[in-house]
Amino acid sequence: MGAMFRSEEMSMVQLLIQPEAAYQSVAELGELGIAQFRDLNADINMFQRKYTSEIRRCEEMERKIGYIRREIAKDGTVPIPDMPEEIPRTPNSREIIDLEAQLEKTENEIVELSENNHALLQNFMELTELKNVLEKTQVFFSDKSNVQNLEATGGEAANEGKPLGFVAGVISRERVIGFERMLWRVSRGNIFLRQATLEEALVDPKTGDSVHKLVFVAFFQGEQLKSRVKKVCTGYHASLYPCPNESNEREEMLRGVRTRIEDLKMVLGQTSDQRQRVLLNVAKEVPTWEIIVKKVKAIYHTLNMFNVDVSKKCLFGEAWVPTASLQDVKTALVNGSAAVGSAVPSFLNIIATDEVPPTYNKTNKFTRGFQNLIEAYGIASYREANPALYTIITFPFLFAIMFGDLGHGLILLIVGLWMVLWEKTLDKNKEEIWQLFFGGRYIILLMGCFSMYTGFVYNDVFSKPMNIFGSAWSNNYNTSTVMTNNELQLNPSEDYSETVYWYGLDPIWMLATNKIIFLNSFKMKLSIIFGVVHMIFGVCMSLVNHNYFRRRENILLEFIPQMLFLVLLFAYMCFMMFFKWINYSAVTDEDHLKPGCAPSVLIMFINMMLFKSQEPLDTCKEFMFEGQDTLQVIFIVIGLICIPWLLLAKPFFIMYKRKGKVGDVAEPAPQSSHGGHGHDDEPMSEIFIYQAIHTIEYILSTISHTASYLRLWALSLAHAQLSEVLYTMVFHIGLQNDSYVGAIMIWLVFWPWSVLTIGILVGMEGLSAFLHTLRLHWVEFMSKFYEGLGYAFQPFSFKALLEEEEEA
């Protein structure tokens with residue numbers, strides 16, 4: 001619990017490590033994750049550091065592993081297993097060399113197989129295209145009208161009896177239109193083009209995509225046109241294939257091509273099987289390889305932060321380490337030296353520094369969510385009181401005041417319990433939004449529990465009351481006309497039995513037409529009371545910080561006037577609420593203590609602040625007790641004194657201390673604690689300005705923050721009314737018919753009612769109450785004592801490194 005109360009105490013250490021043991025020692029520290037290293041070579045270029053060559057080797061291994069992973073993904077039939085649950089150990093130097101050789105061998109083997117497979121696929125596609133050319137051109141050459149059309153349009157060259165020439169090939173379907181136009185232009189219409197579409201798409205060996213092509217034959221006369229046609233084919237990436245003039249030669253060639261295709265299919269199958277076997281063997285190793293290389297690369301990056309001594313026989317580095325973990329660091333250094341058989345041990349020295357240490361709050365899976373809520377506002381200053389400890393209770397409680405409904409709280413409880421019990425399975429979903437909700441599973445669980453508690457106090461279950469202990473009220477209406485009465489007004493002087501309901505609200509209030517008046521007063525006063533208690537607790541936490549950081553003068557200069565101002569004004573207002581509840585009764589013989597004489601606490605508080613008085617009604621008294629007016633004047637005067645007290649006392653005290661230092665040179669300057677909480681370097685003008693801002697902010701915020709807690713009342717009433725409206729307008733429809741039709745209607749309206757309840761009342765209203773609760777903690781509570789000016793402890797940790805890589 002002490003670790004949760006404030007951050008861990010940190011120490012700056014210097015590590016002296018022999019070069020041969022440096023790798024293994026840093027690896028041991030990476031497994032522990034307890035040291036945040038400082039970069040001692042910040043002024044040296046990354047390319048000039050000692051271990052840059054080793055980092056490049058790791059990057060080369062990463063490239064090879066990435067290539068292997070892409071080839072496995074490209075294959076599509078070989079699955080890659082997920083990251084292993086147990087992180088593999090860090091390899092030694094010899095194992096890194098073996099891994100490097102294994103990756104080199106695997107990459108070369110896959111590259112060779114891929115190149116062979118690519119060449120075979122290219123050959124297969126060319127043979128397939130040639131087969132289609134030979135098959136499709138049979139129809140073209142058998143059609144005598146081709147020659148007749150060409151001779152009719154061929155002009156002078158055809159009349160001279162020159163033989164027709166032709167080229168045959170294959171072209172992509174999307175290039176055909178431009179190809180035809182270009183042939184027509186270069187030949188001025190003297191080329192006759194025939195084409196036929198291939199029924200089956202071909203696979204491009206380079207990309208693996210399906211490509212639709214067609215076969216064409218271009219007839220022409222003369223070598224000049226032949227040259228032009230070939231240039232056009234080259235420009236449009238058309239593949240030309242040899243095609244004999246004679247039919248029997250084409251048949252003979254076609255048989256040979258088909259035989260070669262069958263042989264090539266068999267070779268392709270064997271090559272694919274061999275490649276798949278290789279990929280299957282390495283696929284299960286890829287995740288492990290990736291983890292190992294990341295760990296090794298991180299070790300060398302960390303070693304690049306170390307400095308080398310003048311003799312180049314020792315590495316020394318600096319790191320922040322939790323003081324409680326110093327022995328673990330020493331053990332890691334011993335284990336690192338022993339792993340490589342180093343005869344010279346490594347050393348750890350604690351060094352003094354004026355730097356502000358990082359903030360490190362130990363958490364577990366239960367407290368991590370609450371700590372994240374606090375750190376979303378700001379990282380705590382070093383060793384200041386941690387609000388997360390108290391937020392575990394106050395956050396779900398304030399949420400429940402706004403969300404109080406036994407039924408809705410039960411839904412939240414079930415959702416939170418589901419995420420807690422099946423957390424190992426649900427944690428595998430790495431969606432960002434899901435991880436946001438899943439990280440707060442214990443918050444949701446507690447919010448559900450507290451909402452059920454407040455729902456029981458409010459006696460509210462899906463907007464309906466529970467009559468468990470019977471009612472303390474009686475119905476004094478005439479029994480003959482009770483069914484015709486449209487309103488039920490509860491009169492404490494006539495209908496109340498003076499027996500306090502055993503727990504929470506009496507269920508009869510949910511039926512009364514004046515329930516809003518009663519609940520308004522009840523929830524509004526509770527909101528102010530809880531708000532003032534919450535703020536007083538925040539101011540008390542500043543006392544803890546003042547005492548811990550040895551700023552005990554601030555107890556007199558800041559804490560006492562702050563507490564007096566808050567207690568004598570606003571805590572006194574809460575006292576008047578309790579006194580009014582206790583002192584005034586509907587059943588009493590004293591007229592001045594009847595409900596009609598009870599003064600308004602708000603009006604009385606305003607009159608108190610303005611030094612005003614108000615004439616009471618006949619038989620009533622202006623004040624609740626004797627001497628209240630004098631007591632209020634005293635409270636106001638003390639409260640007003642607190643303002644200049646806050647404004648001037650601390651600056652004058654600092655001025656007095658500085659004069660004392662000047663007069664007595666031999667007196668040492670007081671050392672401020674880690675965190676730089678002193679004012680030694682600030683000019684007095686800035687101190688006066690800062691204190692004025694601080695005073696104005698506190699005085700005004702005390703008033704505004706008190707009013708801000710009224711959101712507890714407003715959201716609670718809004719939630720209850722919205723739930724009642726939804727029940728009346730939707731679910732009540734099924735209750736209006738007492739026959740079997742009503743049962744069917746209940747079943748039908750239940751589903752829209754449940755969807756709206758979960759979506760609006762639990763989802764949207766729950767999110768709204770969550771955000772308002774977060775604001776009450778960040779602004780109204782934490783502003784009283786929390787600086788939040790620290791920076792997070794980010795140790796060199798393999799676990800954290802791999803989790804970040806997995807999220808990315």
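Residues numbered from 1 in each chain as written. Predicted model: local features only at pLDDT ≥ 70, side-chain atom pairs only at ≥ 80, totals over all residues. Heavy atoms only, no water.

As a further point, take the sheet that holds strand β7 (residues 213-220). If you walk across this open sheet you meet the 4 strands as β4-β7-β3-β8, and the pairing is antiparallel. Looking at which strands have only one partner, the edges of the open sheet turn out to be β4 (192-197) and β8 (239-241). Between one strand and the next, the sheet's axes are offset by a mean angle of 25 degrees, whatever the strand orientation. As defined by bridge partners, β4 adjoins β7 across 6 bridges and the pair is classed as antiparallel. (Pairing = 2+ DSSP bridges. Helix = DSSP H or I, 4+ residues; strand = E, 2+ residues; numbered from the N terminus. Axes fitted to C-alpha atoms, helices over the stretch in contact; angles between N-to-C directions.)

Detailed reading of predicted coordinates is not advised where the pLDDT is low. Counting all residues, the mean pLDDT for the protein chain is 86, and 92% of those residues have values of 70 or more. Across residues 665-677 the pLDDT falls below 50, and counting only partners more than four positions away or on other chains, this stretch makes 16 contacts in the model. (pLDDT = per-residue confidence, 0-100. Contact = heavy atoms within 4.5 Å.)

Looking now at the environment of F403. Take F403: it is sitting in helix α13 (residues 388-403). Note on F403: relative accessible area 1%, which makes it buried. When the C-alpha positions of F403 and P358 are compared, they lie 37 Å apart, and in sequence the two are 45 residues distant. In contact with F403, not counting residues within four places along its chain, are H408, G409, L412, S451, H719, L761, V762, E765 and G766. (Buried < 20%, exposed > 50% of the residue type's maximum accessible area, 1.4 Å probe, protein only.)

Looking now at the UniProt feature "coiled-coil region" (unreviewed entry) in the protein chain. In the numbering adopted here, UniProt assigns the feature "coiled-coil region" (unreviewed entry) to residues 96-123. Structurally, residues 96-123 is divided into 100% helix and 0% strand, and its ends, taken at the C-alpha atoms, are 40 Å apart. (UniProt positions renumbered as here; feature names shortened; annotations may be inferred.)

This paragraph deals with the packing of helix α20 (residues 553-583) against helix α23 (residues 684-708). Where α20 meets α23, the axes come as close as 11 Å, and the angle between the chain directions of the two elements is 20 degrees. Taken as axis vectors, α20 and α23 run roughly parallel relative to one another. Once α20 is placed against α23, the crossing between them reads as right-handed. Each of E558, Q562, M563, F565, L566, F570 and M573 in α20 lies in contact with α23, whose residues at this interface are Q691, H694, Y698, I699, T702, I703 and T706. Grouping the constituent residues of the contact of α20 with α23 by class yields 8 nonpolar, 5 polar and 1 charged. (Parallel < 35°, antiparallel > 145°, perpendicular 65-115°, else oblique. Left-handed = near helix turned anticlockwise from the far one by under 90°. Nonpolar A, V, L, I, M, F, W, Y, C, P; charged D, E, K, R; others polar.)

When helix α21 (residues 601-610) is considered as a whole, its buried residues turn out to be V601, M604, F605, N607 and M608. What you see down the axis of α21 is that its buried residues fit within an arc of 165 degrees, all on one side. Of the exposed residues in α21, those oriented more than 90 degrees away from the buried face are L602 and L610. One or two positions beyond α21, positive phi appears at F611, with a value near 55 degrees. (Arc of directions from axis to C-beta.)

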